[in-house]
Every structure is written in C-alpha cells, then in structure tokens.
Amino acid sequence: MITKSADKTPKIEVEVTHIQQVSDIIKRFTFTPVDGAPLPVFGGGAHIVVEMLDGEILRRNPYSLVSKPGSTENYQISVRRDDAGRGGSLYMHNTLNVGDRLLVSHPVNLFHIDRRARKHLLIAGGIGITPFLAMMAELEDESANFELHLSARTDGAFLDELRGLYGSKGSFYRDDHNEVIPLNEILTGQPLGTHVYVCGPTGMLEWVLRTAEEAGWPSQNVHYERFLAPPTGLPYEVNLATSAITVKVGGHQSMLEAIEAAGVDAPYLCRGGACGQCETRVVSYDGELLHNDHFLTEEEHASGTKIMPCVSRFQGRELVLER
Amino acid sequence: MTTLDFFHDETFRDDFTYWNSPEAIRRFPFPFNEDKYMYSVNLEPHVAFKPGSVFEKSFDVDEHYVSEMRDRALVLQEDPLRCQSLPHMNMAGWDLLELIMTKKAAEYPEWFELHQDGDRWRWVNRPLDIDHTFTFLDNTTLPYGPMEYIMRQTQGDYAILDQRDNNLWMDAGMITTQADWSLDFDLGMNFMEWHGPVPLAHEMGIFDRALKFLLNVRQGQPARRLNWTMTVNPRLDTSPERYAKWGTDRMEVNADNVGQLMHLRVELQSFWRLPRSNALIFPIRCYLISLQDLATIPKWGRRFHRVIRDLPDELADYKGLTITRPYVIEYMSQFDDGTPTSPGIFADEE
C-alpha cells in the first residue's frame, strides 16, 4: 500500500519478493524495485528507511542493508521481532507478505568504513550484526584486514552463515554458554592504525566505548551505530508554532511520526536519535522534556531549548515547538 | 548538437582563441538574481531544470569540452600536483568514475556509452575518441587512478571530501581551473581550515550553516549553487602556482580593451554524496564570458553594472577587482539605461 505523506525525500517503490526466517525471531526481507530499474548503489553500513502503514500510524523505520554492496537488483534487510516494541517489527513479521509493496528511501550511510584504517575490528551484539554483514562483504572484496567478534543469544542461523563465510576471521560468543567477549584483551592487542566499529544493545555499546577510551584509543578510530527504537510512553500534545497546529502524539507513536501524520514536513535521517538532522527548537514548555537522543549534549538537554522529536517525548501541560 | 563539429578548437592561454557561440551566451549561468550582491549560502536541489540551460544535466558538457580537456592535460604535464588523492580516497575515485560514466551515458547517449558486464566495463567517449575496456575496482586496468582517469574526461574542478569527525576533509581532487586556490596547499585540511581566507563570511556564520548542510547531503539528492569572480582573459588556470604567468594580466586592462579582456567567471558548484565511500564530491564547473558578450543580453548588461558599482570594497578586493573595477563600471554603464530588471537570473525571452 502506498501512502501519502508530507515527506519530500525521493522514495523507491519496491515489492517484497522473498521472506526468509533466519532464526526464531529474525526474518530477512528481499525488496525488488517495481520499475525494474537498478537500485542506487550502497556501501557497507548503510541503512534504508522503510515506510509502512501500520493501522492508523505511518511508520518509517531505519534498517541496515544486509545484501552485498554493489548489488543493484534488490535490497535485503533483517528484522528482529520485538514483542515489547511499538509494533514496527511486529508489522514486518506478522503482516507483510511476499507480493506486498512498500516505499523505501535511498540508502543513507551513517556508519561507513573508514578507509584510513589498516585493520578493521568489528564488534557486534545480537541483531547489531546487521550493518557488519554488508561491511564484511565489502572488506572481503577489498582484501582488507578485518576481524569480527559477535556475541549472540544462542547459535542462530547468522552464526552458521558467518562461520561459513569468514571462518577464522570471526569469533563467536554464545550467551547461553555464558561466553563473553574478552574485550580488554582484544582492544589492547591491536596493531597501530586499527579502527574499531561497534553495533549492539546500549549496555554493550557503552561497555565497548568505555573500555576503548580507558585503553587509550583515539576517538577518531572508534565508530559506532546506535539507533534507538523510539520509546513508548504516555500520550501528549505538542503545539507547532510555525504551522499553527496542535498535534496529538499517541503512546506508541513518536513525536516525529505524529508531526508527519499531521502533514507537516520535518527533516530526518536516522530516526534513531543519533544523527541530529531532526533537531527542533523548543519555543516554550510547561512540564518535562523526556530526552532520549544521543545527539544533544547534557547541557543542551538541560537547557530546554532543543529536542530531537524522532526519539524524545514530553510530559506536562504544554509544549510549543518551532516547526 | 549531436555532431562532433559542435566542439570548438580553441585555447585558454597564450593566444586565447576561446569564444562563446550565441547559444553559449544565452545559456551562460548569470549568477545575479537581483541588482545587488552579498554572500549567501544560496543552495538549491540539483535537479534537471530549464531545457538547454546549464542546469539541465547532472554534469554539463558544452562546446568547450574538448579544448578544456586539452588545457587540463597541459596543466598536469607542467604540474602533476594539481591532481592528488590520499590513499584512503581510492574507493571515492571509483565511486566518482561510476557516477559520471552512468550519468553521462544516460544523459548524452550520442557522445558517451557505458556497457557493464559484471565488473567488465566498456566506456566510449566519442568527443575525446576513447573506447576503453577495464575492470571496475581494479586500478591496474586503467592508465591513471580512477579519479584522474575520469577527471581527464570531465569539465570542471573536483574536490573530493572525506566525511569524518563531523567535518569534511579535502583529501583528493583534480584542480586545474581554479580561481586562485591550491589543492596542494589545501590537501588534508578540513572545511573550516580551507575557508580560512574568505572575508566577512565567517563572522556571518555562513560556514557553520554550510557545513551542517553539506554533512547531511544525501545520496540521490545533490545540491547546487553559483559562485562568481572575474578574470582577465579567458584563462582557466588562474592558480597560485602559476601566478607569475597571469598575475600581471590585470595591468593590461584599460578603457578601450576592458569589454574584450575582462571575463565574468562563474562557478556552477554542486554537491553529491557518493555511495561506497560516503565521500562528498564538490564539482566546481567554470564558465567564462567576456563583458562585451555578456552585454549582448540587455538584462545582464544593466544588472551587472549595478552589482559591480554597488559591491562592498572587501568583496571587490576578494574578487580580484581592486585595479580593474573603475574600467568595468565605466564600460558597463553604457548598457544601463536605468530601467528595472526582471526577477531571476535568466535572460528575458525575446
């Protein structure tokens, strides 16, 4: 189903041509362009934003591309089912069928390979492996030196596939065997010029960033991707001063989604609190700004003058934004 | 338009046989949309616009193409450092080659062809008489690195910017038609560093806003803007490296020859995100027009007189007009009857 929206960024209409059950909670979707034209080329670490009409709510969720970089016949994404989430992954898992049509964005890469690196150290937790699937295909093609450390719940299908593809370049750690990534050892034993890339749950990500900092890694050599799913909360209202309208934000809806649903064009890139593109000025508020992003500084959060509507919420009497 | 006779045989040095046809004059990218000029970020989406204009194609190819490529080869022969690429920018070079080849083959099928069979690519460039088969991503199958190879076949300077640490870094480029700046000097600098010498704009916050915009340029959504300066003679290579060759040209300008010698130099700048490397490319395409040719478009004659007459002194100095400005104003005044000009940059329809 194709939906109207105020979003002006170019979209590509695709058809779901294949759905593969990768593990009990992960599915891989293949999207093929409806017009048959080659898709835009992408690099490892890129994501697309997938538009889905989930009941009344138009969702735009970012997913890492997991197909081989350079391939232009189709795009593939892997989606982990989150039973406690807002519903986007449940929609993908339970509602989307082969033959359905969707709109996807052009690729955006906020987690690209740094080609200054002499070695690439990839550390992933669970579904955080997704950006690395395309990255490793690319690094392998370029005969680049890389090493993967993946920790996962159990011995899922990804692990089998990765063992087959990358063999000795991969080390795998299973939560159900109480195996833990020997992070200190890994981070202190790398040759000069190594870059580390991290993607995974927040706790793991912070553990890696902290350990790397303590081990003396320069921040320029540390790359991470941390997309938050927009948190749920209580419903509230937001006044958009420039558009002169009031928008209701549902409990399972993000402020950005509510603004878009009201027909107001708002900028975005990552939709996960990381990139800063949707930064919006707070004109006034009476209540509490519930900041959830990783983009604004603590001082900016405390100042009450800016908010990232893709992941942050509000609780209180009145919120007025410059939008 | 489709025959190879379209391309001029002309020079941008020594005897300066460069000339613009009446069609080239009408499609000249006149940069002033009102009767005055001040800096602005003035960015717009780089989408196909106005058939026949320089904004129609992704990478405009005009009647000067073949001679411009010959001039580039001469510059590189004398000074190979005009083309540099730091080692980590090799993938960006391939990205750039792919972007230009696919766009040109699609938009100018009479001049360019690209046949892709997996990694085996055959590239046909009729104006430059090239028919070459190579392996994509294999540097050993090209006579130059990928950036240099395609840049020797593409009009305009290209800065290739690496994006990291929330900044842009000038880590590669082909710069042979520049308005007095040096790739060799700027190589490895970040966006704020290489814009250091520009007057007034830092204080106006222009570079902060521009950088924020550029960091977020998305694949498939290129942007463009126009910039301008003035040059004596239709000389493409006004580089600091060759200042001794052109620095004294301005002393030759007088009231009699100003219309012929002084050229408005307009840069069509665009910004593109590359897919594999995530680098940003910054093509700076130079268009030159003599004042006497410019004045054949009545609207432009009137407006250009007003712009130069009222230009703030700092800007006049930065645009290299300090010595020649009085001659330019006096010459252009004969084309300004004081009547109002229409909005926008394009010539009025006849």
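The rules behind each value
Residues numbered from 1 in each chain as written. Chains lettered and ligands numbered in written order. Predicted model: local features only at pLDDT ≥ 70, side-chain atom pairs only at ≥ 80, totals over all residues. Heavy atoms only, no water. Helix = DSSP H or I, 4+ residues; strand = E, 2+ residues; numbered from the N terminus. Buried < 20%, exposed > 50% of the residue type's maximum accessible area, 1.4 Å probe, protein only. Contact = heavy atoms within 4.5 Å. Lys, Arg positive; Asp, Glu negative; His and termini not counted. Charge placed at Lys NZ, Arg CZ, Asp CG, Glu CD. Phe/Tyr/Trp six-rings, centres within 6.5 Å; stacked < 30°, edge-to-face > 60°. Lys NZ or Arg CZ within 6 Å of the ring centre and 35° of its normal. Buried area = accessible area lost by both parts, 1.4 Å probe. Salt bridge = Lys/Arg side-chain N within 4 Å of Asp/Glu carboxyl O. Polar contact = N/O pair within 3.5 Å; in protein donor to acceptor, adjacent residues only side chain to side chain. Nonpolar A, V, L, I, M, F, W, Y, C, P; charged D, E, K, R; others polar. Domains from an automatic or database assignment. Axes fitted to C-alpha atoms, helices over the stretch in contact; angles between N-to-C directions. Parallel < 35°, antiparallel > 145°, perpendicular 65-115°, else oblique. Left-handed = near helix turned anticlockwise from the far one by under 90°. Arc of directions from axis to C-beta. Expected span 1.5 Å × (residues − 1). Pairing = 2+ DSSP bridges.

**Q** Tell me what's going on with the overall build of chain B, and back it up with residues and numbers.
**A** Scanning chain B for helices and strands turns up 13 helices and ten strands. Its C-alpha atoms put chain B at 60 × 45 × 40 Å along the principal axes. Evaluated residue by residue, chain B yields a buried proportion of 60% over its 350 residues. Of the contacts made within chain B by residues no fewer than 6 positions apart, 72% connect residues no fewer than 24 positions apart. Taking the 36 positively charged and 55 negatively charged side chains of chain B as two groups, their mean positions are separated by 4 Å.

**Q** Help me get a handle on the overall build of chain A, residues and values and all.
**A** Each helix and strand in chain A was counted, giving seven helices and 17 strands. By the burial criterion, 54% of the 323 residues in chain A qualify as buried. Here the contacts in chain A between residues at least 6 apart in sequence split such that 67% fall between residues at least 24 apart. The positive charge centre, built from 29 side chains, and the negative charge centre, built from 42, are 2 Å apart in chain A.

**Q** Which residues make up the packing of aromatic side chains, and what are the values?
**A** All names here are of chain B. Tallying each qualifying case throughout the model produces 36 aromatic pairs over all chains. Judged by centre distance (5.5 Å) and plane angle (20°), the ring pair of phenylalanine 6 and tryptophan 111 falls under stacked. Of the two residues, phenylalanine 6 is situated in the segment before helix 1 (22-26) and tryptophan 111 in the loop between helix 3 (90-107) and strand 3 (112-117); the sequence distance between them amounts to 105 residues. Assessed through its relative accessible area of 0%, tryptophan 111 is described here as buried. Between phenylalanine 59 and tryptophan 272, the aromatic rings sit 4.8 Å apart at their centres with planes inclined by 25°, giving stacked as the arrangement. Residue phenylalanine 59 is found in the loop between strand 1 (44-45) and helix 2 (65-78), and its partner tryptophan 272 is found in strand 9 (residues 262-273); the two are separated by 213 residues along the sequence. Per residue, the accessibility class of phenylalanine 59 equals that of tryptophan 272, and both read buried. Here the aromatic cluster, defined as three or more aromatic residues joined through ring pairs, consists of Phe6, Phe7, Tyr65, Tyr108, Trp111, Phe112 and Trp123. Just above the ring of phenylalanine 346 sits the side chain of lysine 50; from NZ or CZ to the centre is 4.7 Å. Cation over ring: lysine 319 sits above tryptophan 228, and NZ or CZ is 4.7 Å from the ring centre.

**Q** Help me get a handle on the interface of chain B and chain A, residues and values and all.
**A** A common way to state how big an interface is: give the accessible area lost once the parts meet. Of the residues lining the interface, 16 residues belong to chain B; the matching set on chain A comes to 23 residues. Summed over both sides, the interface of chain B with chain A buries roughly 1,800 Å², with 49% coming from carbon and sulfur. Interface area lost by chain B to chain A is led by B:Arg218, B:Gln219 and B:Arg276, which between them contribute 35%. Seen at the junction of chain B and chain A, the total is zero salt bridges. On inspection of chain B and its partner chain A, the count reaches seven residue pairs in polar contact (both at pLDDT 80 or more). Elements supplying a minimum of two residues to the side of chain B that touches chain A: helix 3 and strand 6 (157-164) of chain B. Among the residues making up the side of chain B that touches chain A, the classes are represented as two nonpolar, eight polar and six charged.

**Q** Before we move on, could you go through the domain arrangement of chain A and cite the residues and values that matter?
**A** One can read the domain layout of chain A as domain 1 (11-109), domain 2 (119-225) and domain 3 (236-321). On a C-alpha basis, the centroid separation for the pair domain 2 of chain A and domain 3 of chain A is 33 Å.

**Q** Explain the packing of helix 11 (residues 298-309) of chain B against helix 13 (residues 325-333) of chain B residue by residue, including any values.
**A** All names here are of chain B. Interaxial distance between helix 11 and helix 13 falls to 9 Å at its minimum, and their mutual angle equals 150°. By the angle between their axes, helix 11 is roughly antiparallel relative to helix 13. For the crossing formed where helix 11 meets helix 13, the hand is left-handed. Residues Gly301, Phe304, His305, Ile308 and Arg309 of helix 11 form the contact with helix 13, whose participating residues are Arg325, Val328, Ile329, Met332 and Ser333. Considered class by class, the residues forming the contact of helix 11 with helix 13 number five nonpolar, three polar and two charged.

**Q** Which residues make up helix 7 (residues 206-215) of chain B, and what are the values?
**A** All names here are of chain B. Where helix 7 is concerned, the buried positions are Ile206, Phe207, Ala210, Leu211, Leu214 and Leu215. Seen from one end, helix 7 has its buried residues packed into an arc of 150°, which puts them on one side. Among the structural elements, strand 6, strand 7 (167-174), helix 6 (191-194), strand 9 and strand 10 (280-290) are those in contact with the buried residues of helix 7.

**Q** Go over helix 3 of chain B with me, naming the residues and quoting the values.
**A** Taking 1.5 Å per residue as the helical rise, helix 3 of chain B with its 18 residues ought to reach 26 Å, and the 26 Å between its terminal C-alpha atoms agrees with that figure. Burial of helix 3 of chain B is extensive: 13 of the 18 residues sit out of reach of the surface.

**Q** So what's going on with the pairing of strand 9 (residues 146-152) of chain A? Residues and values would help.
**A** All names here are of chain A. The element strand 9 is largely enclosed, with a buried count of six among its seven residues. Where strand 9 lies against strand 10 (residues 170-174), five bridges are found, and the strand directions are parallel. Opposite alanine 152, over in strand 10, you have arginine 174 as the bridge partner.

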